[in-house]
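A look at the structure
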Amino acid sequence: MVVGADRAALDAAGLTPPTDAVFVGRCDDATLRALYMDAHAQVFPSRTEGFGLPPLEAMLCGCPAIVAPAGTIPEMCRDAVLYADVDDPAGWRQAIAALADPVVRSAKRAAGYDRAAAFRWDSAGRQLLNVIERVARVTDRTATRAYAPAGPGADRSDRGVTRQRPHYAALDGLRGLAAISVLLFHLGHWQGHPWLAANAGLAVDFFFCLSGYVLSVAYRDTLDQGMATRTFAVLRLVRLMPLVILGTLISAAYLAARIVLLHDSTISVAELARATAFGLLCLPMLDASRAIGGPQVFPLNGPAAYAVSRNRRQHRLGGAAPDRRDGERAGDRRGGICADGAGRDRRG
């Protein structure tokens, strides 16, 4: 039974699945959990993994896993699974046969349960926050700026007094590296080299985790003092909207050029105009076609969705100081990975 890819996709990759193989496609979480619980084994011959949630899901559901020692899989699975080289069919057959032994099967199931229990969303959130704080403490340097109270009735007796604002050079550098990796990822796909920065999706998540931390530091004091939602929104729009507008216009110009120069009939002028208007106003467009970047809610500027949601969440949290409690908020989703099945890799 094959989950995910269909027979046509395997044929196109030069693979020959057995004629009696059953292809179930992409499953919802309930179906996937039922398949794990009834399976003899999960076979996961992936050539590369950024993390590899499927074996962890299988172990949590009591399904012994057979995996290829690729990417992070050995570090994540350790000795709780059986291993076979991705290009060694005989090795996979031997591993599948080994699980017919009740002793081996019982041992791998028990080891799998124990290993899966070590991975929890709340623990992952705390560990990531600890790493960010440790890097920030080591590289902390202070930037100063002149401060003068604003407003017609403000006390200006402390004009010229400097306020200390933390600036974390290393975190800025890490965000820059994440942005570059995403650029390389898209460049690789455009140029027919999908291996280039293949795990850049993880960099996107890391980038926004870091950005949330930086936002909480930058606005902590003012939000704690009761900054109004309207004021926060205006400040963030002033910072973000020029880039949102620029990104939207560049994408719109590119698609317009395809219409004019390449006579691309798949792009609707009316839809492009509507998407441009929505993008300039930072409004989601829920019915965008794939030709202009759908089904993203901001088809001409996909990252705008993350920027808007991140800033809304930051104000909702009230600018709380970034301490260990933030890690608990980041990991509020508890329970088994197979039960909620978020973020599953389906590479290889």
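This text follows the structure it describes.
Described in the following lines is the structure provided in the data block.

Rules behind the numbers
- Residues numbered from 1 in each chain as written.
- Predicted model: local features only at pLDDT ≥ 70, side-chain atom pairs only at ≥ 80, totals over all residues.
- Heavy atoms only, no water.
- Axes fitted to C-alpha atoms, helices over the stretch in contact; angles between N-to-C directions.
- Helix = DSSP H or I, 4+ residues; strand = E, 2+ residues; numbered from the N terminus.
- Parallel < 35°, antiparallel > 145°, perpendicular 65-115°, else oblique.
- Left-handed = near helix turned anticlockwise from the far one by under 90°.
- Contact = heavy atoms within 4.5 Å.
- Nonpolar A, V, L, I, M, F, W, Y, C, P; charged D, E, K, R; others polar.
- Core = buried A, V, L, I, M, F, W, Y, C linked by side-chain atoms within 4.5 Å.
- Buried < 20%, exposed > 50% of the residue type's maximum accessible area, 1.4 Å probe, protein only.
- Patch = residues over 30% accessible without salt bridge, like charges linked within 9 Å, V, L, I, M, F, W, Y side chains within 5 Å.
- Areas by Shrake-Rupley, 256 points an atom, 1.4 Å probe, with all protein chains shown as cover.
- Salt bridge = Lys/Arg side-chain N within 4 Å of Asp/Glu carboxyl O.

Attention now moves to the packing of helix α8 (residues 169-190) against helix α9 (residues 200-224). Running from amino to carboxyl end, α8 crosses α9 at an angle of 150 degrees, the nearest separation of the two axes being 9 Å. Classified by the angle between their axes, α8 and α9 sit roughly antiparallel to one another. By crossing handedness, the relation of α8 to α9 is classed as left-handed. Taking contact as the criterion, the partners of L171, L174, R175, A178, S181, V182 and F185 in α8 are, on α9, A200, A203, V204, F206, F207, L210, S211, Y213 and V214. Each residue belonging to the contact of α8 with α9 can be placed in one class, and the counts come to 13 nonpolar, two polar and one charged.

What follows covers the nonpolar core. Judged by nonpolar contacts, F44, L53, L56, M59, A65, V67, I73, M76, C77, A80, V81 and A116 together constitute the single largest core of 12 residues. At the level of secondary structure, the elements contributing two or more residues to this core comprise α3 (53-60), β4 (65-67) and α4 (73-77). With sequence-adjacent residues up to four places away left out, M59 is seen in contact with M76, C77, A80, V81, G112, Y113, R115 and A116. In terms of nonpolar packing, the next biggest core, distinct from the first, is built from nine residues, I267, A275, A288 and L300 among them.

A few words on a nonpolar patch on the surface. On the surface, a cluster of nonpolar side chains totalling about 540 Å² of accessible area is made up of L177, I180, L184, L187 and W190. Position of W190 relative to the elements: it lies in helix α8. For W190, a relative accessible area of 66% translates into the label exposed.

Let's shift gears to the pattern of salt bridges. Applying the stated rule across the entire model yields four salt bridges. D87 is the salt-bridge partner of R47, the closest N and O atoms lying 2.7 Å from each other. Remark: D87 occurs in the loop between β5 (82-83) and α5 (89-98) and R47 occurs in the loop between β3 (42-44) and α3; sequence separation between them is 40 residues. Classification of R47 as exposed rests on a relative accessible area of 54%. What makes D87 exposed here is its relative accessible area of 54%. Close ionic contact of R120 with D122 constitutes a salt bridge, the shortest N to O distance being 3.5 Å.

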